[in-house]
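In case you want the letters, here they are:
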Amino acid sequence: MAIRFLGLCRGDGKGYVKIGTDTKPELLMATIGMPDGSCRQCPIFPIGFPGEEVAARTVWGDASTKESYEAVVVVPLLDNADLSISVTNRENDTVLGTNSFQTTNDEGSFTFNV
């Protein structure tokens, strides 16, 4: 089992991280390490919805299949903070992937540390 960090964007106080995995999003848990050392759980939303046209989703690049899933993790954005996000399988507590990112006061600045 693995996870891919596919993209990101920011909203008002929140960041949205697109992930790809071979595990159903319902079985995943995301946590974020905060600057004060605490850890917070972050919601994960599967891409797509019941009845959505699969062809349209594929054209837009959001194509989940039985073997591959895409989802969005919602993370808090704190000014000038280095944060670390970790995605874990709820069934067996296996960490599928971890990545860090930093935010700044500049609008639109939300970058992964690679």
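Residue numbers here run from 1 along each chain, matching the order of that chain's written sequence. Restriction of local features to residues with pLDDT of at least 70 applies here, the model being predicted, together with a cutoff of 80 or more for giving and counting side-chain atom pairs; totals for whole chains, interfaces and linings are based on all residues. Only heavy atoms go into the side-chain values, all of them from the structure, while hydrogens and water stay out.

Chemist: I would appreciate a short explanation of the overall build of the chain in the present structure.
Modeler: Secondary structure elements are taken from DSSP: a helix is a run of H or I of four residues or more, a strand is a run of E of two residues or more, and numbering for both begins at the N terminus. In terms of regular secondary structure, the chain is built from one helix and nine strands. Each helix and strand of the chain, placed in order from N terminus to C terminus, yields the pattern β-β-β-β-β-α-β-β-β-β. Partly exposed residues are those whose accessible area sits between 20% and 50% of the maximum for their type, while under 20% is buried and over 50% is exposed, using a 1.4 Å probe and protein chains only. Looking at the 114 residues of the chain, the share that counts as buried comes to 34%. Contact between two residues is taken to exist if any of their heavy atoms lie within 4.5 Å; hydrogens are not considered. Sequence separation of 24 or more characterises 57% of the internal contacts of the chain that already satisfy a separation of 6 or more.

Chemist: I keep staring at unusual backbone geometry and nothing clicks. Help me out?
Modeler: With a phi close to 60°, D93 is a non-glycine residue in the positive phi region. Within the fold, D93 resides in the loop between β7 (82-89) and β8 (95-103). Accessibility expressed as a relative area gives 59% for D93, which makes it exposed.

Chemist: Looking at this structure, how should I read the sheet that holds strand β5 (residues 44-46)?
Modeler: Backbone-to-backbone hydrogen bonds pair the strands of a sheet. The strands run either parallel or antiparallel. Two strands pair if DSSP finds at least two bridges between them. Overall, antiparallel pairing links the four strands, which are arranged β1-β2-β6-β5 in an open sheet. Each edge of the open sheet is held by one strand with a lone partner, namely β1 (3-10) and β5. Ignoring strand direction, the axes of neighbouring strands in this sheet form an average angle of 25°. To get an axis, fit a line to the C-alpha atoms, keeping to the stretch in contact for a helix; angles then go from 0 to 180 degrees between the N-to-C directions.

Chemist: Honestly, the nonpolar core in this entry has me stumped. Any pointers?
Modeler: Nonpolar side chains tend toward joint burial in soluble globular proteins. With 19 residues, the main nonpolar core has I19, I32, V73, V75 and F101 as its most contacted residues. Counting only elements with at least two residues in this core, the list comes to β2 (14-21), β3 (28-33), β6 (69-76), β7 and β8. Apart from residues no more than four positions distant in its own chain, V73 is found in contact with G15, Y16, V17, I19, A30, C42, P43, I44 and I85. Residues enter a nonpolar core if they are buried and are Ala, Val, Leu, Ile, Met, Phe, Trp, Tyr or Cys, with the set joined through side-chain atoms within 4.5 Å.

Chemist: Sorry, what's going on with the pairing of β2 here?
Modeler: Taken together, the seven bridges between β1 and β2 define a ladder with antiparallel strand orientation. Looking at β2, one finds that F5 is bridged to I19. Between β1 and β2, which follow one another and run antiparallel, lie three residues, and G13 among them has a positive phi close to 85°. Bridge count for β2 against β6 is eight bridges, and the pairing is antiparallel. Residue pairing for β6: V17 is matched across the bridge by V73.

Chemist: How should I be thinking about the state of the cysteines in this particular structure?
Modeler: Structurally, a disulfide amounts to a covalent bond that connects the sulfur atoms of two cysteines. Cysteine sulfur atoms are paired as a disulfide whenever they fall within 2.5 Å. According to the stated counting rule, one finds zero disulfides in the structure shown. We note that C39 lacks a disulfide partner, and the nearest cysteine sulfur, in C42, lies 8.2 Å from it. Residue classification places C39 among the exposed residues on the basis of a relative accessible area of 54%. Given the relative accessible area of 5%, C42 is considered buried.

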